[in-house]
Amino acid sequence: MTYQTDKTNKKALTGGAAAAEALRQINPDVMPVYPITPQTPIIETFAKMVADGEADTEIIDVESEHSAMSAAVGAQAAGTRAMTASSSQGIMLMSEVLPIAAGMRLPILMLVSTRALSAPINIHGDHQDVMFVRDSGWIQIFCENVQEVYDNTFIALRLAEKVRLPAMVIMDGFTTSHSVENLEILENSVVKKFIGEYNPKNYLLDFEDPKTFGPVALPNFYFEFKRAQIEATDGVIGEIGEIFGEYEKISGRNYDVLESYQLDDAEKAIVVAGSTAGTAKVAVDELREQREKVGLLKIKLFRPFPYEQITEALKNVKKIAVFDRTVSLGSIPPLYSEIKNSLFSILNSQFSIQSYIYGLGGREIFKDDIKKVFEDDQKGREIKYIGLK
Amino acid sequence: MVPREGDIKYLVFYLEIGLCGPISFWISLWYNCFVKLDKKIFEIIFHARGGQGAKTAAEILAQAALHEQKFVQAFPDFGPERTGAPIRTYVRISDEPIKTHEPVVDPDVVVILDETLLGIVDATKNLDENESMIVNTTSDRETVKQKTGYIGNIYPIDATGLSLEIIGEPRPNTAVLGKLVKVTEIVKLENVVDVFREKYTGKIGAEKTEKNVQAIEKAYDSL
């Protein structure tokens, strides 16, 4: 539902409609779509805008989410801006293609309205779907409210195209996607200028300098491809600050990879991502009125995970409560796990621990390589590679 | 929000008998006078059945409040709308930005769009006696009171009858808005009507839109 008050940029929209509004202003070249609750309002609203001539995106009605992501990969590889949207089982069905998009370094944008996973069947919001694909190589940005859905869509697009990686903008199913909230929108021309033209470095339809995407890489090269992708993903945190800064100049809204709320002198803190951060802020406000030293850390960027910033933000907190809206069956929940990782560096640990990545793509590992790790001083990078050329 | 009459009564009551009372008196005095009065967000719950347009009514109200530069939220607590199933829709209106995303738990007003829900859903939960319940019904206040046991302000309105008479279709959701605005004064009637015209003229045509507007206005005047 869209309704604009006279001569202002203030609207009241659902998260789904706000995402569609952002898509209208971006005007992507190609959008392969397949409906699923609670994402459908995004593509439905946007398809209407295209039908009404407000955007000239080529919408492709595909037969499944697997095809939606495959078509997005093809379109983006060809040199266009391709986007899609999904939820839950749809993301599961896409999951085969998600690492392909990331491995081919295609900055596809996907709007996600989160939803629980079957079985039992459930259409409501939790974070199981996006957490399931957290290692697929996609940038993941969580949104607290409708305004952030709108803003993050532009920020994620800029970021994705800068680092050449795909990105998910994540809103909570129903709580954000179907809730009408206040929203300030930007002028079309301001958005156009902020996102700029898409000028891919490598693309399929480059007849002057032909290239291939996603060819076979056997044990002799696969590992190096992945290392390059790891570096690119880690590089996101270095690039995002400048984009946040530019966005603040055009919108007045200041964002970061995380948001510290009443955290400066907090002895106890909640760590949470998504719409619950808003509710938790009210809880913090009420406890602060009773002079309780409580605070909140909101995670916006989940992939790549901003370990250093989080360590810094939580270093003086004595008691931490980590909220996961998901499960990791057979393990501890993912956000909790990441927060524990972040805090490890400031614990007075009795032991030293080091991560080694080895054997990707069938790269051999030898006994002598294994013996060497016992001699490693375990200084420097937290993650090291064995057998990388 | 301005202090409500009920809260002032509390204050006077406690001042009269609570001066030398136990500490719990002072805590509840502080709570009733400051915490409750400090509640800046006006909250509404619509109880209806899927298909009756409660979500639409909530969104129109939110848009009207936006028109008055307010901060708003309007959201359903159901997933896909199942026709005929009991559903709830929430509205928040505030002068300050709204951060919370919890469902409304302590409404200022409850609207019942379908009277067969009385006795099925716990509509009066956390509804204090100085707050209000608006019911789409042909019954009178006393009957609703007996059915619900609610001793606060009850405003019965035959919104279905009104819409059948004026629009020629059972559309209690638009008519009931008129009553809601009259009772709460949370937004101006003219803004509700403006939003309705803006949103629906293109969809249902000018004639039907004006009939809906008439139903809203008639419900507004029907106290």
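Just so it is clear, the model here is predicted, and its values are computed rather than measured. (Residues numbered from 1 in each chain as written. Chains lettered and ligands numbered in written order. Predicted model: local features only at pLDDT ≥ 70, side-chain atom pairs only at ≥ 80, totals over all residues.)

Our focus in this paragraph is the overall build of chain B. Across its full length, chain B carries seven helices and six strands. Along the chain direction, N to C, the helices and strands of chain B fall in the order α-α-β-α-β-β-β-β-α-β-α-α-α. Burial statistics for chain B: of 223 residues in total, 42% are counted as buried. Considering only contacts in chain B between residues 6 or more positions apart, those separated by 24 or more positions represent 60%. (Helix = DSSP H or I, 4+ residues; strand = E, 2+ residues; numbered from the N terminus. Buried ≥ 20, exposed ≤ 12 C-beta atoms within 10 Å, placed from the backbone. Contact = placed C-beta atoms within 7 Å.)

What follows concerns the sheet that holds strand S5 (residues 132–136) of chain B. Think of a sheet as strands paired side by side through backbone hydrogen bonds, with each pair either parallel or antiparallel. Taking strand neighbours across the sheet as the criterion, the eight strands line up as S1(A)-S8(A)-S2(B)-S3(B)-S1(B)-S4(B)-S5(B)-S6(B) in an open arrangement whose pairing is mixed. Two strands in the sheet have a free side with no partner beyond their single neighbour: strand S1 (10–13) of chain A together with strand S6 (153–157) of chain B. Pairwise comparison of adjacent strand axes, ignoring direction, gives a mean angle of 20° for this sheet. Pairing analysis gives nine bridges linking strand S1 (residues 41–49) of chain B to strand S3 (residues 86–94) of chain B, with the strands arranged antiparallel. In the sheet register, B:His47 faces S3(B), and the bridge partner there is B:Arg88. Strands in contact with helix H4 (residues 141–148) of chain B are S5 and S6 of chain B; relative to S6(B), the strand with the most contacts, it is inclined by about 120°. (Pairing = 2+ DSSP bridges. Axes fitted to C-alpha atoms, helices over the stretch in contact; angles between N-to-C directions.)

Here we take up the packing of helix H12 (residues 307–314) of chain A against helix H13 (residues 334–344) of chain A. Residue and element names in this part refer to chain A. Interaxial distance between H12 and H13 falls to 8 Å at its minimum, and their mutual angle equals 75°. On the basis of their axis angle, the class for H12 and H13 is roughly perpendicular. Packed against H12, whose contacting residues are Tyr307, Ile310, Thr311 and Leu314, the element H13 presents Ile339, Asn341, Ser342 and Leu343 at the interface. Broken down by class, the residue content of the contact of H12 with H13 amounts to five nonpolar, three polar and no charged. (Parallel < 35°, antiparallel > 145°, perpendicular 65-115°, else oblique. Nonpolar A, V, L, I, M, F, W, Y, C, P; charged D, E, K, R; others polar.)

Residue and element names in this part refer to chain A. Helix length check: helix H3 (residues 65–78), at 14 residues, gives a terminal C-alpha distance of 20 Å against a target of 20 Å (1.5 Å per residue), a fit within 8%. All of the buried residues along H3 are Glu65, Ala68, Met69, Ala71, Ala72, Val73, Ala75, Gln76 and Ala77. The secondary structure elements touched by the buried residues of H3 are strand S2 (30–33), strand S3 (58–61), strand S4 (83–86), helix H4 (88–94) and helix H5 (98–103). (Expected span 1.5 Å × (residues − 1).)

On to the environment of A:Asp376. With respect to the secondary-structure elements, A:Asp376 resides in the loop between helix H14 (367–372) and strand S15 (383–386). Considered as a pair, A:Asp376 and A:Gln354 are 22 residues apart in the sequence and their alpha carbons are 9.2 Å apart.

Residue and element names in this part refer to chain A. In terms of residue burial, strand S11 (residues 294–299) counts as a mostly covered element, since six of its six residues are buried. Of the two faces of S11, both are covered, the one formed by Val294, Leu296 and Lys298 as well as the one formed by Gly295, Leu297 and Ile299. As judged from the four bridges shared by strand S9 (residues 258–261) and S11, these two strands associate in the antiparallel manner. Along S11, the bridge assignment pairs serine 260 with leucine 297. Inspection of the sheet shows strand S10 (residues 268–272) paired to S11 by five bridges, in the parallel sense. Its bridge partner being in S11, valine 271 is matched across the sheet by leucine 297. Assessed by its sense of winding, the connection that carries the chain from S10 through helix H11 (residues 276–289) to S11 is right-handed. (Right-handed = clockwise from strand over helix to strand, strands pointing away.)

The next thing to look at is the pairing of S5(B). Residues and elements named next belong to chain B. Within S5, five of the five residues are buried, leaving the element largely enclosed by the surrounding structure. By the alternation rule, side chains of S5 split into Ser132, Ile134 and Asn136 and Met133 and Val135, which are all buried. Both strand S4 (residues 109–112) and S5 contribute to a ladder of four bridges, which runs parallel. Within the sheet, the bridge partner assigned to valine 110 lies in S5 and is methionine 133. Pairing analysis gives five bridges linking S5 to S6, with the strands arranged parallel. If you follow isoleucine 134 over to S6, its bridge partner there is tyrosine 155.

Moving on, we come to the interface of chain A and chain B. How big an interface is tends to be expressed through the accessible area that disappears when the partners come together. Listed per partner, the contact involves 21 residues of chain A and 20 residues of chain B. Residue contributions to the side of chain A that touches chain B peak at five residues, all from H11(A). The residue makeup of the side of chain A that touches chain B, split by class, is seven nonpolar, eleven polar and three charged. Across two bridges, the pairing between strand S8 (residues 180–184) of chain A and strand S2 (residues 71–76) of chain B is antiparallel. Of the residues in S2(B), the one forming a bridge with A:Val180 is B:Ala74.

Now for the environment of A:Ile195. Along the chain, the position of A:Ile195 falls in helix H8 (residues 188–195). Leave out the neighbours within four places in its chain, and A:Ile195 touches A:Ile26, A:Phe154, A:Leu157 and A:Arg158.

Moving on, we get to the sheet that holds strand S12 (residues 301–303) of chain A. Residue and element names in this part refer to chain A. Read from one edge of the open sheet, five strands run S4-S5-S7-S6-S12, paired in mixed fashion. With partners counted over all chains shown, the strands left at the sheet margins are S4 and S12, one partner each. Averaged over all adjacent pairs, the angle separating strand axes in this sheet is 20°, with direction ignored. Looking at chain direction, strand S5 (residues 109–113) and strand S7 (residues 167–171) are connected through five bridges and run parallel.

In this section: the confidence of the model for chain B. A low pLDDT means the predicted coordinates there should not be read in detail. Residue-level pLDDT values for chain B average 87, and 80% of them are 70 or greater. Both confidence scores are given for the complex: pTM 0.89, ipTM 0.88. (pLDDT = per-residue confidence, 0-100.)

What follows is about helix H7 (residues 146–163) of chain A. Residues and elements named next belong to chain A. In this model, H7 (18 residues) spans 26 Å end to end at C-alpha, consistent with the 26 Å of a helix rising 1.5 Å per residue. Along its length, H7 reaches its greatest deviation from straightness, about 30°, at asparagine 152. Burial analysis of H7 places 17 of its 18 residues in the buried class, which makes it a mostly covered element. Taken from the residues just after H7, arginine 164 is the one with a positive phi, measuring 55°. (Bend = angle between axes of the 7 residues up to and from the residue.)

All names here are of chain A. If you check the domain split of chain A, you get domain 1 (10–250), domain 2 (257–343) and domain 3 (355–386). Look at where the C-alpha atoms of domain 1 and domain 2 centre, and you get two points 26 Å apart. Taken together, the contact pairs 20 residues of domain 1 with 17 residues of domain 2. For the side of domain 1 that touches domain 2, the elements supplying multiple residues, two or more each, are helix H6 (128–132), strand S6 (139–142), helix H9 (222–234) and helix H10 (236–251). Per-element tally for the side of domain 1 that touches domain 2: the top contributor is S6, with four residues. Within the side of domain 1 that touches domain 2, the residues separate by chemical class into eight nonpolar, seven polar and five charged. (Domains from an automatic or database assignment.)

Here the focus is the nonpolar core. Core analysis: the biggest nonpolar cluster contains 155 residues, and A:Ala167, B:Leu61, B:Val176 and B:Val192 have the highest contact counts within it. With ten residues, the top contributor of residues to this core is H7(A). Those residues in contact with B:Val176 that lie beyond four places of it in its chain are B:Ala57, B:Val111, B:Leu113, B:Ile134, B:Asn136, B:Ile157, B:Ala159 and B:Ala219. (Core = buried A, V, L, I, M, F, W, Y, C linked by C-beta atoms within 7 Å.)

This brings us to the environment of A:Trp138. Residue and element names in this part refer to chain A. Among the secondary structure elements, tryptophan 138 is positioned in the loop between H6 and S6. Since 24 C-beta atoms lie within 10 Å of it, tryptophan 138 is described here as buried. Not counting residues up to four positions away in its chain, the partners in contact with tryptophan 138 are Leu98, Ala102, Val133, Pro166, Ala167, Met168 and Arg303.

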